[in-house]
Every structure is written in C-alpha cells, then in structure tokens.
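Residues per chain are reported as follows:
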Amino acid sequence: MRLSPNLRGAFFMAAAMSLYAVNDACVKALAGEVPLFQVIFLRGILTTALIALYLLATDRQAFVLPHKERILVALRALAEAVAAIFFFAALFNMPLVNLTAIIQALPLTVTFAAWLFLKEPIGWRRLTAILVGFCGVLLIVRPDAEGFSVHAGFALLAVVCATTRDVLTRKLAPETSSMAVTFATSAMVTIVAGIGSLFVTWTSLTFTSGSLIGIASILILGAYLTIILAMRNGELSFVAPFRYTSLLVAMILGLVFFAEWPDAITLLGAAIVVASGLYTLHREHYAIPRPTVPKPTGKS
C-alpha cells in the first residue's frame, strides 16, 4: 500500500522525534563522565563516516550539491551544529523531559519566524496562540524561580537555532538530495565540536561510554535523515503535530532511566506549549488557500 505524502511525513516526523529522544538519553547518560565536546565530536565522526560509506556504496553523485543550494545547506548545517551544542549543554545539567518540553515550542517559533522575517500572514488567533505558548515555556524555565539556571537559557538558544534550521530546510529545492544535506549537517556538527574539543581535557572511554556514543551515532544518523524527510513530505500543518512524540518518549525515558518526573508546574507549562502548538497548526490548516469548486451552471 502506498502512503500519501501526509502520512509519510507524519511517520518520518514521529520516527525522527523518537530517535532524537533516545539519542538524548544516551548522551545524557554520559554527563559527568565524558566532556560535552568530546561526546559530540566522537559521535559526529562515527555518524559522518557511516553516511559517507552509504553514499559511496549507493550514489556518489549525492555528495555534489547544486551550486545554488550550497550556501543554504551550509547555513542550515551551521544552525544545526550550534543548536546541538546549546542543547547538549542544557541536557547535561537539567532533566530530560524539562528540556524536551522547551523544545516543543519549535512549531510556535517557526510560525512566528515565518511571520516576522518572511512576512507570511498568520492572523491574530495564531499570534495569540504563539504568545500563550511562550507563556508555557516561561512556566517550564521559571526565570523568577529557584529552578531557573543558565542551562535553561541554553535550551532557549537551542530553540532559536533549531527554528533557523527548520525555516532553511523548507527553502531547499525538491531535487536536493536529503542524504547530501544529512552528510553536510553531520560534518558541520563534527567540525564545530572538534574545534570545541581542543579546549577541553579528554577522558578515556570505558566499554559503556564507548557503546553509548556508538549507539547515539547511529540514532542521530536516523534522526537527521528522517527529520529532513518529514519536513519535505506532506503539509506542514499535518506533519508538525507529530513532533510532540518526543515529549512522550522523553517522559518515559526520564522516568525509567534517570528517575526524573516533572513537577506540576512543568507539566502545566508543557501542556500549554503543546496545546498552543496544536491550535496554531490547526489554524494554519484553515489558512491554507483551497481550490474553489466551480458552481453548477445547470447546463448538461
């Protein structure tokens, strides 16, 4: 059975979010044992190597990007690299589900960025939903409460960078190879992390830490590819709600492996963010121009 573009996009989005969440859990398990930049760099080397081997074996031409797309792909990759650094800096120091809940603001920030920078109309209802969603984020990070820290700020910066990444992804031409974009993204993350790793003291890997990095490299490879496929299949208003899969997966992983469970205020904030995002996407669906059906003329 052939799936429709919307169903393919939804499947890829749910898969990407699940892979990201499990990858995050693997990396978080290394906190305090292996430096952040070392983890990202080693994971990046393995991931980039796997992508390169795949492309060499299947389609070497995929390494060649259209000339007009190279700057766009490079900017997207750089946004992903900076987002990864901020994200993992936060992940090493805050509960997995709290961080994941903050990241759920992405559908709101992408819509807001499209209105602010691309002049896409969103209407007062969606703008109100976005502002309400931002209030939910404030409940999670609590800037005036004891729970706020610089790490929550890192999480917010990761959202900004990921928003840039997603907006740039939508601008890619349909003929641009998803695997080529994945390779460029992985390579950029590795290069940036490699530069950062020069300024930290490396530690020796144990069997457990080495295995976790290896597993994370495979998971992030799948996440990179499926998120690109998700953003390039189907209608965004249909596909984007499946991004919230990661919150459910993160809650389960946080409870089972890290004995973490969010407090009532964090859960309320997460619920507001998710509800605002779903409403925004719902309104976006109705805002999309639909083809008009000609009225019957009465002639046969």
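In this text, all values refer to a predicted model and were calculated from it rather than measured experimentally.

## Considering empty space enclosed by the protein
Then step 1. Within this structure, the stated rule accounts for two cavities of 30 Å³ or more.
Then step 2. Of the voids in this model, the largest cavity is the one considered here, and its volume is about 350 Å³.
Then step 3. Every element with two or more residues in the lining of the largest cavity is listed here: α1 (5–28), α3 (70–91), α4 (96–103), α7 (150–170) and α9 (207–231).
Then step 4. Of the residues belonging to the lining of the largest cavity, the class tally is 14 nonpolar, four polar and five charged.
Then step 5. Looking at the second largest cavity, its volume works out to about 60 Å³.
Then step 6. Around the second largest cavity sit P107, V110, T111, M231, L236, A240, R243 and L281, which together line it.
Then step 7. Taken together, the residues that form the lining of the second largest cavity break down as six nonpolar, one polar and one charged.

## Some remarks on the packing of aromatic side chains
Then step 1. Taken as a whole and assessed by the stated rule, the structure comprises six aromatic pairs.
Then step 2. Judged by centre distance (5.9 Å) and plane angle (70 degrees), the ring pair of F41 and W202 falls under edge-to-face. Of this pair, F41 sits in helix α2 (residues 36–58) while W202 sits in the loop between α8 (178–197) and α9; the two residues are 161 residues apart in sequence, bridging distant segments of the chain.
Then step 3. Accessibility expressed as a relative area gives 38% for W202, which makes it partly exposed.
Then step 4. The interplanar angle of 50 degrees and the centroid separation of 5.5 Å between the aromatic rings of F112 and W115 together place this pair among those described as tilted. With F112 and W115 both in helix α5 (residues 106–117) and three residues apart, this pair spans about one turn of that helix.
Then step 5. Through a chain of ring-to-ring contacts, the aromatic side chains of F112, W115 and F134 assemble into a single cluster.
Then step 6. Looking at K28, its charged tip hangs above the ring of F258, at a distance of 5.8 Å from the centre.

## Quick word on the nonpolar core
Then step 1. Counting residues in hydrophobic clusters, the biggest one holds 71 residues, and the most contacted among them are F88, L99 and I102.
Then step 2. The element that contributes the greatest number of residues to this core is α9, accounting for 11 residues.
Then step 3. Ranked by size, the runner-up nonpolar core spans five residues in total, among them L55, A62, M179 and L221.

Cut-off values and rules
- Residues numbered from 1 in each chain as written.
- Predicted model: local features only at pLDDT ≥ 70, side-chain atom pairs only at ≥ 80, totals over all residues.
- Heavy atoms only, no water.
- 1 Å grid on protein atoms, 1.4 Å probe; cavity = no way out; pocket = protein on both sides within 12 Å on 5 of 7 lines; lining within 4 Å.
- Points joined across faces, edges and corners; volume = space filled by probe spheres on them.
- Helix = DSSP H or I, 4+ residues; strand = E, 2+ residues; numbered from the N terminus.
- Nonpolar A, V, L, I, M, F, W, Y, C, P; charged D, E, K, R; others polar.
- Phe/Tyr/Trp six-rings, centres within 6.5 Å; stacked < 30°, edge-to-face > 60°.
- Buried < 20%, exposed > 50% of the residue type's maximum accessible area, 1.4 Å probe, protein only.
- Lys NZ or Arg CZ within 6 Å of the ring centre and 35° of its normal.
- Core = buried A, V, L, I, M, F, W, Y, C linked by side-chain atoms within 4.5 Å.

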